[in-house]
Amino acid sequence: VLLCVPRRVKERLQELPAQVVHGVRFLLHDPEVEEAPPACDLVVHKAVNDLVLRDGDAAAATRYAVLQQLAAHVPLLDPLESMPVFADRGALCRALAAAGPDVRQPRYLELRSPGRSVLEAARAAGLRFPLLCKPLVACGPAASHALAVALSEEGLRRVAPPLLLQEYVAHHGGTMLKGYCVGRRVHVVQRPSLPDLRRAGGDGTHLVRFDSQQPPPGTAAFWAALDA
């Protein structure tokens, strides 16, 4: 199995090539150094970041080009054509909505026009506070991980499109379930999440900003981060 991943991920996997796991040997490939990837039976990659970054990042463009070449004769996990939906939070919400009544998600609103009023759009859609405010770009640049929770209308005045608004699931126990699917095999792990919110802006609080790449703030840290 060939691993074609960014350098920062590769550094975490340096010991993996020395191991055979369940009869599988893993190979690391760095297209910035090696001219051609070694022969393999399957390619595991994280191309969604490179898909977003490739226009302005030579290394990302090189990795993505290598994957496109490999896709012609080696199975890729995941297929490159499945990547775009995971690079755009709005597209992912639409895909879930199209999955039918068996898949539930919070109510959401996509705002793609930079000049549109977030507050007026949320009012028109009838969204209820608290509201998660997420960049539409789901990965790649650091800004894609800059999220916020708006607790009041004043909070929405402090964010700007393009973004995705989602109603906050107020009582979720401060945890979330993250699922990974390979074919019909599903693996689910429990991860810490933002805290339950039982109030929304009535006392002068408006907006909480956080970085989704960092551990989620607990209850005290969450309220300490208020942009009042």
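Residues numbered from 1 in each chain as written. Predicted model: local features only at pLDDT ≥ 70, side-chain atom pairs only at ≥ 80, totals over all residues. Heavy atoms only, no water.

**Overview of a positive patch on the surface**
On the surface, R8, R12, K46, K178 and R191 cluster together into a patch of positive charge. Positionally, R191 belongs in strand β12 (residues 185–192). Accessibility expressed as a relative area gives 34% for R191, which makes it partly exposed. (Patch = residues over 30% accessible without salt bridge, like charges linked within 9 Å, V, L, I, M, F, W, Y side chains within 5 Å. Areas by Shrake-Rupley, 256 points an atom, 1.4 Å probe, with all protein chains shown as cover. Salt bridge = Lys/Arg side-chain N within 4 Å of Asp/Glu carboxyl O. Lys, Arg positive; Asp, Glu negative; His and termini not counted. Charge placed at Lys NZ, Arg CZ, Asp CG, Glu CD. Helix = DSSP H or I, 4+ residues; strand = E, 2+ residues; numbered from the N terminus. Buried < 20%, exposed > 50% of the residue type's maximum accessible area, 1.4 Å probe, protein only.)

**Re the nonpolar core**
Among the nonpolar cores identified, the biggest contains 18 residues, and L2, V43, A47, L67, L70, L76 and L80 are the most heavily contacted of them. Of all elements in the fold, only β1 (2–4), α2 (47–53) and α3 (58–70) reach the threshold of two or more residues within this core. Ranked by residue count, the leading element in this core is α3, at four residues. A148, A150, L156 and L207 belong to the second largest nonpolar core, which has 16 residues in total. (Core = buried A, V, L, I, M, F, W, Y, C linked by side-chain atoms within 4.5 Å.)

**Some points on the sheet that holds β1**
Spatial ordering of the open sheet is given by β4-β1-β5-β6, a layout of four strands whose pairing is parallel. The open sheet has two edge strands, β4 (27–29) and β6 (76–77), and neither has a second partner. (Pairing = 2+ DSSP bridges.)

**Looking at the pairing of strand β9 (residues 146–150)**
With four of five residues buried, β9 is to be regarded as a mostly interior element. Pairing between strand β8 (residues 131–134) and β9: three bridges, direction antiparallel. Considered in β9, the bridge of L132 is made with V149. Bridge analysis of β9 against strand β13 (residues 207–211) gives five bridges, and the strand direction is antiparallel. Counterpart to A150 in the pairing with β13 is L207.

**Comments concerning the packing of aromatic side chains**
Counting across every chain of the model gives zero aromatic pairs. Its guanidinium or amino end placed over the ring of Y64, R54 lies 4.5 Å from that ring's centre, counting from NZ or CZ. (Phe/Tyr/Trp six-rings, centres within 6.5 Å; stacked < 30°, edge-to-face > 60°. Lys NZ or Arg CZ within 6 Å of the ring centre and 35° of its normal.)

**Observations regarding the pairing of strand β10 (residues 163–167)**
β10 sits mainly inside the fold: five of its five residues count as buried. Residues L163, L165 and E167 point to one face of β10 and L164 and Q166 to the other, with burial holding for every one of them. Examined bridge by bridge, strand β7 (residues 108–111) and β10 share four bridges and lie antiparallel to one another. Within β10, the position partnered with L111 by the bridge is L163. Sheet topology places β8 next to β10; four bridges connect them, and they run antiparallel. Along β10, the bridge assignment pairs L132 with Q166.

**Here we look at unusual backbone geometry**
Across residues other than glycine, the phi torsion is negative in most instances, and most of the peptide bonds are trans. Going from L77 to D78, the amide bond is cis rather than trans, its omega being 5 degrees. Along the chain, the position of D78 falls in the loop between β6 and α4 (84–87). Cis peptide bonds are those with omega within 30 degrees of zero, and the linkage from P161 to P162 qualifies with 0 degrees. In this fold, P162 is placed in the loop between α7 (153–156) and β10.

None of the figures reported here should be taken as evidence of function without further support.
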